[in-house]
Amino acid sequence: MRLLIFLLPISALAQLSDVDRMRHDLSRFLSMPRFTELEKKRTREEITQAFSGMGLAAMTHSYVSAEDKLSLGHNVISIQAGPFYGSPEDQTVIVAANYDTIEGAPGVDDNGSGVAAVLETARTLATLDRLYQRQYTIIYALFDMKYQGLAGSHAFVSDIVIPLLRRTNGTISAVLILDGLAHFDPFPTSQSMPQSFETFFPGAARELSLHKHMGDFVQVTGRAGLDDGLMQNFVAAFTRAASMIAPDWAFRPWLLPLKIPLHEVRSMEGLQALHPFLYADHSSFYFHDQRYLKIPTLYITDTLSHRGVKQYCTYCDGLYMINEQNLRFLSLMTDTVIRSVVQLAGSEAADIVDEMFMTFGFGAAARI
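Cut-offs used in this document
- Residues numbered from 1 in each chain as written.
- Predicted model: local features only at pLDDT ≥ 70, side-chain atom pairs only at ≥ 80, totals over all residues.
- Heavy atoms only, no water.
- Pairing = 2+ DSSP bridges.
- Helix = DSSP H or I, 4+ residues; strand = E, 2+ residues; numbered from the N terminus.
- Axes fitted to C-alpha atoms, helices over the stretch in contact; angles between N-to-C directions.
- Contact = heavy atoms within 4.5 Å.
- UniProt positions renumbered as here; feature names shortened; annotations may be inferred.
- Phe/Tyr/Trp six-rings, centres within 6.5 Å; stacked < 30°, edge-to-face > 60°.
- Buried < 20%, exposed > 50% of the residue type's maximum accessible area, 1.4 Å probe, protein only.
- Lys NZ or Arg CZ within 6 Å of the ring centre and 35° of its normal.
- Core = buried A, V, L, I, M, F, W, Y, C linked by side-chain atoms within 4.5 Å.
- Expected span 1.5 Å × (residues − 1).
- Bend = angle between axes of the 7 residues up to and from the residue.
- Disulfide = S-S within 2.5 Å.
- Salt bridge = Lys/Arg side-chain N within 4 Å of Asp/Glu carboxyl O.
- Parallel < 35°, antiparallel > 145°, perpendicular 65-115°, else oblique.
- Left-handed = near helix turned anticlockwise from the far one by under 90°.
- Nonpolar A, V, L, I, M, F, W, Y, C, P; charged D, E, K, R; others polar.

Another point: the sheet that holds strand 2 (residues 72-80). Ordered by their spatial adjacency, 8 strands build an open sheet running 1-2-4-3-5-8-6-7, and the pairing between neighbours is mixed. The open sheet has two edge strands, strand 1 (58-64) and strand 7 (254-260), and neither has a second partner. Put simply, the sheet's adjacent strands are angled 20° from each other on average, direction ignored. Across 3 bridges, the pairing between strand 6 (residues 217-223) and strand 8 (residues 297-301) is antiparallel. Within strand 8, the position partnered with V220 by the bridge is I300. Strands in contact with helix 5 (residues 151-168) are strand 1, strand 2, strand 3 (91-98), strand 4 (138-143) and strand 5 (171-178); relative to strand 1, the strand with the most contacts, it is inclined by about 110°. Each of strand 6 and strand 7 is contacted by helix 7 (residues 202-210), which is oriented at about 160° to strand 7, the strand it contacts most.

Shown next as structure tokens:
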């Protein structure tokens, strides 16, 4: 099996992960507001078509918003089933992002970049699946209604994840929430943080200060203890990707891990103080009605409105974001996600991705 990859045309290998496809997705249907139902419907159709082009079926998961009981939301879900799908032996990996925007915002970075990375991860794994066996199931989820009380991810957990686990007695080994992966701003003072950042994460605050508060990093948030193993996996994948994709960058991207001390919170006041670090789709996997169900989950972000011009202009997240610097950052993060998922899903390709990169330019940055 290992030698089979070398019998394929090099042109085919160049298609494994392609920044041009992400640029296309961002320009075509992820650079327009996705707030009204008509706007979101068009986006869902494009996402469904993208999955179809990979040979993957996509389904729409519709639900009534728990917040107002009147609004109807629609997630898009695609499943790459593994050989243990539907059985207790499965260890499902979930890769997810929200596709909606606030009213009027083009949403290239927030969160077109996350959607583009999910789609590119699915494309790459679909290609690798033709060559290498994979043990575990991967679910790709694109959430609606992030800005309406996280309704989409809440509904996904309650309607899809928990019933799946009850029915199969399987496990969720990892959830990766991608929320802004394309804003890189290595300019001093371009990065702000929530007011309570230094209180909860003094070490991270010191590191950011040493970097002169530049927006040249990706923030990865998990729970102290519960998500440590998944965090280690992602940090290792980032380190490998950065060593190959970004060794020549004047301002080399780095990773800022935040470990939320939820186990130390003893009051609602303490939980409210952590709100800036919880109000995104990862919290739907932290807080649900199955108290003893712990789902390893990471939130991966460029910090969105805390970086660069987006601190002052929420509506400036437009086509100008699709520049070479930001695309290189997006390609690095997408390659990191791919490497992490390949490892987590038990793909035999895990042993050869570095060799493929060195030989053929494998990776999302190969064609920048």
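A word on the UniProt feature "domain: Peptidase M28" (unreviewed entry) in the protein. Under the present numbering, the feature "domain: Peptidase M28" (unreviewed entry) in UniProt falls on residues 87-190. Secondary structure within residues 87-190 divides into 38% helix and 21% strand; the distance between the first and last C-alpha atoms comes to 48 Å.

For the structure on display, the rule yields 12 aromatic pairs. Ring geometry for F184 against F329: centres 5.2 Å apart, planes inclined by 35°, an arrangement best described as tilted. With F184 in the loop between strand 5 and helix 6 (197-200) and F329 in helix 11 (residues 324-344), this residue pair connects regions lying 145 residues apart in the sequence. Of the two residues, F184 and F329, neither departs from the other in class, the shared state being buried. Centroid distance F217 to W254: 5.0 Å. Interplanar angle 45°. Geometry classified as tilted. One end of the pair, F217, is in strand 6; the other, W254, is in strand 7, with 37 residues separating them in the sequence. Taking relative accessible area as the criterion, W254 reaches 9% and is therefore assigned buried. Counting every residue linked through ring pairs, the aromatic cluster contains F197, F200, F201 and F277. The ring of F217 carries R307 above its face, with NZ or CZ at 4.6 Å from the centroid.

Examined against the element boundaries, T92 turns out to sit in strand 3. Classification of T92 by relative accessible area gives buried; the value is 4%. Sequence separation between T92 and G82 is 10 residues; the distance between their C-alpha atoms is 8.6 Å. What T92 contacts, discounting residues up to four positions off in sequence, is T137, I139, T171, I172, S173 and A174.

Time to look at the nonpolar core. If you look at the biggest cluster of nonpolar residues, it comprises 64 residues, and the most contacted ones within it are F51, L178 and I300. At 10 residues, helix 11 tops the list of elements feeding residues into this core. Apart from residues no more than four positions distant in its own chain, F51 is found in contact with L56, A58, V76, S78, L119, A122, Y140 and L142. Counting 20 residues, the second largest nonpolar core, distinct from the first, contains A96, I139, I172 and Y299.

Here helix 5 spans 25 Å end to end across 18 residues, near enough to the 26 Å set by a 1.5 Å rise per residue. The principal kink in helix 5, of about 35°, is found at V157. Along helix 5, the positions that sit buried rather than exposed are A151, G152, S153, A155, F156, V157, V161, I162, L164, L165 and T168. Residues of helix 5 that are buried in the fold lie against strand 1, strand 2, strand 3, strand 4, strand 5 and helix 10 (283-286).

Glancing now at the state of the cysteines. As enumerated under the stated definition, the model contains 1 disulfide in all. Here C313 is linked by a disulfide to C316, with a sulfur-sulfur distance of 1.8 Å. Handedness of the C313-C316 disulfide follows from its S-S torsion of about 85°: it is right-handed.

This paragraph deals with the pattern of salt bridges. With the rule as written, the count across this model stands at 16 salt bridges. One salt bridge in this structure joins D25 and R123, with 3.0 Å as the shortest N-O distance. Here D25, found in helix 2 (residues 19-29), pairs with R123, found in helix 4 (residues 108-129); they are 98 residues apart in sequence, far enough to count as distant. In this structure, the salt-bridge partner of D335 is R339, at a minimum N-O distance of 2.5 Å. On the criterion of helical spacing, the pair formed by D335 and R339 is a turn pair, its members being 4 residues apart in helix 11. Note on R339: relative accessible area 2%, which makes it buried. Taken together, the salt bridges that share partners define one network made up of R21, D25, E120 and R123.

Glancing now at the packing of helix 3 (residues 37-53) against helix 4. For the pair helix 3 and helix 4, interaxial distance at closest approach is 10 Å and the crossing angle is 20°. Accordingly, the angle class assigned to the pair helix 3 and helix 4 is roughly parallel. Crossing geometry of helix 3 relative to helix 4 is assigned as right-handed. Here I47, A50 and F51 of helix 3 lie close against helix 4, whose contacting residues are V115, L119, A122 and R123. Grouping the constituent residues of the contact of helix 3 with helix 4 by class yields 6 nonpolar, no polar and 1 charged.

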